[in-house]
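Working through the structure, step by step
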Amino acid sequence: MKFKKRLFSKIFLIFSASLLVTAIAIGWYGTHALRKEHIEQVELFLKKHLLQLEHSFKDTPWAKKRPDRFCKKYGKILSFRITFIQKNGSVLGDSDADPRKMDNHSERPEIISSENQLFGLSIRFSDTVKKEMLYVAKQIEGIGYLRVALPLKTLRESFSGFSHILFIIFLMGGILILFVGFKITQLITKPVEEMTAFSKKIAEGDFSQKLFISRTDELGILAGSLNSMKDQLSQTISNISQEKLKLSTILSSIYDGVLTVDIHKNLILYNQRFCDIFHIQEKELQGRRLLEIVRIPELSTLIDASLADHKIYQKQIKIVNHSEEKHYEVIVSPFFLKGEEIFGVVSIFHDITGLKRVEQMRVDFVANVSHEFKTPLTSIRGYTDTLLQGGLDDRENSSKFAAIIKNNVDRLTALVDDLLTLSELESLESNDQLRAKKFDFHVFINHIISKMKPAAEKKNISLETKIKIDELTADETKLEQAFVNLLDNAAKYTPPGGKIQIEALKTEKEIKMTIKDTGIGISSEHLPRIFERFYRVDRGRDREWGGTGLGLAIVKHVALLHEGTVDVESSPGKGTSFTLRLPLR
């Protein structure tokens, strides 16, 4: 919380900074004073021992003759460095070094100062032992100088323990004072922090909180005002949310796309169906204009006209997305605020793609049926006119003409029968209207083969079966229509001496029935449309062989009514394979 941090930090940082400066000053002064005191105590300690060493040196008979032995003996006992120096500065004894290798010490500060006072003091780096040392020297009348020394490292180590204790004391005291300061600061800022957190919760939409500040000052009055504001705001937002939920529910339940824009064509309101129509993510529409997301001139023109004329307009437009073509009836209506002041327009997108498709199918169907009927009827009329104009007297040609007329009548009859069959299949709304029952599949196949056998024997085509199912539940009559059409096509387009094979097997989910032939095959460009009504690969050859162009459409509808599928695999010169898949019942 930014306000909380700012207010609390100001109070607490002022308090902490004051304490820190005071603690640093006291600590710095105290440390240096104590360090000075500690060094003075060490100096007194060394002076005391130096006096004792002077008496021992004078009382020891051999000390004057062997001063180096004296220094090393007492240096080991006392654990600090002892040096004996002659009046001329020559070193005759040292507890830590070979006096023969040591320089003349007459110019050492502690030796010089000991000539004018009782003790000579010096803190310096020793070239002999390579350490920073504290030296105390004393002149022995008529003999020379006796000097003791301690490394400053030893002094620092002895002082560091005390310094650590002092640091811990300061640290604990500082923490205690900081804790007290923290609590005092918290007591002052806590009500403000609570109100700030309360306001943030309200801004986030959480109205379940309530302030409990039992104070009679200005902060208490402010807390009461915030509680009242929260209650009123909660009720207002609840009412708005309910209205928004109603509107959202209504919009989402509308099948048509809905779009509302203002007079500047900025998006105001839309439903999910509108997003689906234009393949747009809802997050892409926030704060956008219509022309940024939908670039359809007809729609923009329609909205402009409605905004300008204050009238309702209606138009059919085509929308293409990802190679998918859709047709919509768009109704654009202006809406007003504050009397006659126009605020924007509401656009409704009603999908009429299905109607357009049905309309086109009807046109194509009428054209195809007319074409299919026209050819045999023209032939019948021509030969009938010939017979009526004297052809009956020509017995040889009249019989030939009558046979041609009969063939065309048979062709029309077959076309009408297929149209009636297809119409019947399309009129069935669901598989519930099928007369499905369980029947012996071997008997069913034998019956189909017996019907197709004459046509196959006529072209010396062999019929083979690989049946691996015994029973099947389906509409036997409708399934027979599908098999007859597939086998009839196979017999027509398989050359003499060819082979037709019928296979059937059961998988875990479906019954798979396949009819393969060794016929002329179908080119790949025709396969996607092969199941359309009146679609022919070779129109002249199909009519020559008596095809109506409806057989495979019938097969497809039979499969769909059984909730199944039919697909085809074929290559020119390698035959064709139709597979009918029906779900297990």
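In case you missed it, the structure is sitting above this.
The shown structure was predicted, so the numbers you read here are calculated from the model rather than taken from an experiment.

Check the secondary structure of the protein and you find 14 helices and 17 strands. Relative to its full complement of 585 residues, the protein shows a buried share of 39%. Contacts in the protein between residues far apart in sequence, at least 24 positions, make up 58% of those at least 6 positions apart. Approximately 35300 Å² of the protein is accessible, and the part contributed by carbon and sulfur atoms is 56%.

Of all 11 residues in helix α14 (residues 551–561), nine are buried, a share of seventy percent or more. Among all positions of α14, only G551, L552, A553, I554, V555, H557, V558, A559 and L561 are buried. One or two positions beyond α14, positive phi appears at E563, with a value near 60°.

This part is about helix α8 (residues 297–309). Spanning 13 residues, α8 covers 18 Å between terminal C-alpha atoms, matching the ideal 18 Å at 1.5 Å per step. For α8, every residue scored as buried is listed here: L299, S300, L302, I303, S306 and L307. Taken down its axis, α8 places every buried residue within 160° of arc, on the same side. Away from its buried face, by an angle of more than 90 degrees, α8 presents the exposed residues P297, T301 and A308.

Bringing the packing of aromatic side chains into the picture now. The relative placement of two aromatic rings is captured by the distance of their centres and the angle of their planes. In the structure shown here, the tally under the stated rule is 13 aromatic pairs. With 5.7 Å between their ring centres and 90° between their planes, F278 and F349 make a pair best called edge-to-face. One end of the pair, F278, is in the loop between α6 (272–277) and α7 (290–293); the other, F349, is in strand β10 (residues 341–351), with 71 residues separating them in the sequence. As far as the burial class goes, F278 and F349 line up, both buried. Where F439 meets F444, the ring centres are 5.3 Å apart and the plane angle is 50°; that geometry is what we call tilted. F444 matches F439 in its accessibility class, with the two residues each being buried. In this structure an aromatic cluster arises from ring pairing among F57, F70, Y74 and F84. When the ring centre of W62 is taken as origin, the NZ or CZ atom of R69, which lies over that ring, is 4.5 Å away.

The antiparallel open sheet is built from five strands, whose spatial order is β2-β1-β5-β4-β3. Single-partner strands in this sheet number two, and they are β2 (91–94) and β3 (120–126). Averaged over neighbouring strand pairs, the angle between their axes works out to 25° when direction is ignored. Bridge count between strand β1 (residues 81–86) and β2: three bridges; the pairing is antiparallel.

With respect to the element layout, R357 can be found in helix α9 (residues 353–388). Note: C-alpha distance between R357 and K326 (31 residues apart in sequence) is 9.9 Å.

Turning our attention to the environment of S90. The residue S90 is located in the loop between β1 and β2 in this model. For S90, a relative accessible area of 26% corresponds to the partly exposed category. Along the sequence, S90 and N104 sit 14 residues apart, while their C-alpha atoms lie 5.0 Å from each other. Apart from the residues within four sequence positions on either side, S90 is in contact with F84, I85 and N104.

This next bit is on the pairing of strand β8 (residues 313–321). Sheet topology places β8 next to strand β9 (residues 324–337); nine bridges connect them, and they run antiparallel. Bridging from a neighbouring strand, Q316 pairs with E329 of β9. In sequence, β8 turns back onto β9 through a hairpin of two residues, with H322 there showing a positive phi of about 55°.

Our next topic: unusual backbone geometry. Here the phi dihedral of K265 falls at roughly 65°; this positive angle occurs in a residue that is not glycine. Mapped onto the fold, K265 is located in the loop between β6 (257–262) and β7 (267–270).

Here the focus is the nonpolar core. A general trend in soluble globular proteins is that nonpolar side chains are found buried together. Among the nonpolar cores identified, the biggest contains 40 residues, and F441, F444, I445, L472, L479, F483 and M513 are the most heavily contacted of them. When residues of this core are traced back to their parent elements, those giving at least two are α11 (441–458), β13 (471–475), α12 (476–493), β14 (499–506), β15 (510–517), α14, β16 (565–570) and β17 (576–583). Non-local contacts of F483, meaning those with residues more than four positions away in its chain, are made with F441, F444, I445, I448, I502, M513 and I515. Listed in part, the 26 residues of the second largest apolar core include I277, I319, V332 and F349.

Two faces belong to every sheet, and in a regular strand the side chains alternate between them. The buried fraction of strand β4 (residues 131–140) amounts to eight of the 10 residues, a majority that puts the element mostly inside the structure. Note: β3 against β4, seven bridges, orientation antiparallel. Bridged to R124 within β4 is M133. Here β3 folds back onto β4 in antiparallel fashion, the turn holding four residues, of which K130 has a positive phi close to 60°. In the sheet, β4 pairs with strand β5 (residues 144–151) via eight bridges, with the strands oriented antiparallel.

Between α12 and α14, the least distance of the axes is 9 Å, while the angle of their chain directions is 145°. Every pair of crossing elements has a handedness; the one defined by α12 and α14 is left-handed. When α12 is examined against α14, the residues K478, L479, A482, N485, L486 and N489 are found in contact with a partner set consisting of G551, L552, I554, V555 and V558. By residue class, the composition of the contact of α12 with α14 is seven nonpolar, three polar and one charged.

This part takes up the sheet that holds β10. Taken in spatial order, the five strands make up an open sheet running β7-β6-β10-β9-β8, and their pairing is antiparallel. At either end of the open sheet lies a strand with only one pairing partner, and these are β7 and β8. Between one strand axis and the next, the sheet turns by 25° as a mean value, whatever way the strands run. With three bridges joining them, β6 and β7 adopt antiparallel strand pairing. Residue pairing across strands places V261 opposite L267, the latter belonging to β7. Taken strand by strand, α8 contacts β6, β8, β9 and β10, and its axis lies near 145° from that of β10.

In the structure shown here, the tally under the stated rule is 18 salt bridges. Across the pair D68 and K72 runs a salt bridge whose closest N-O atoms are separated by 3.0 Å. Taken as a pair, D68 and K72 lie in helix α2 (residues 67–78) at a separation of four residues, close to a single helical turn. On the basis of relative accessibility, which here comes to 23%, the residue D68 falls in the partly exposed class. Between R581 and E510 there is a salt bridge, with its nearest N and O atoms 3.3 Å apart.

Basis of the calculations
- Residues numbered from 1 in each chain as written.
- Predicted model: local features only at pLDDT ≥ 70, side-chain atom pairs only at ≥ 80, totals over all residues.
- Heavy atoms only, no water.
- Helix = DSSP H or I, 4+ residues; strand = E, 2+ residues; numbered from the N terminus.
- Buried < 20%, exposed > 50% of the residue type's maximum accessible area, 1.4 Å probe, protein only.
- Contact = heavy atoms within 4.5 Å.
- Areas by Shrake-Rupley, 256 points an atom, 1.4 Å probe, with all protein chains shown as cover.
- Expected span 1.5 Å × (residues − 1).
- Arc of directions from axis to C-beta.
- Phe/Tyr/Trp six-rings, centres within 6.5 Å; stacked < 30°, edge-to-face > 60°.
- Lys NZ or Arg CZ within 6 Å of the ring centre and 35° of its normal.
- Pairing = 2+ DSSP bridges.
- Axes fitted to C-alpha atoms, helices over the stretch in contact; angles between N-to-C directions.
- Core = buried A, V, L, I, M, F, W, Y, C linked by side-chain atoms within 4.5 Å.
- Left-handed = near helix turned anticlockwise from the far one by under 90°.
- Nonpolar A, V, L, I, M, F, W, Y, C, P; charged D, E, K, R; others polar.
- Salt bridge = Lys/Arg side-chain N within 4 Å of Asp/Glu carboxyl O.

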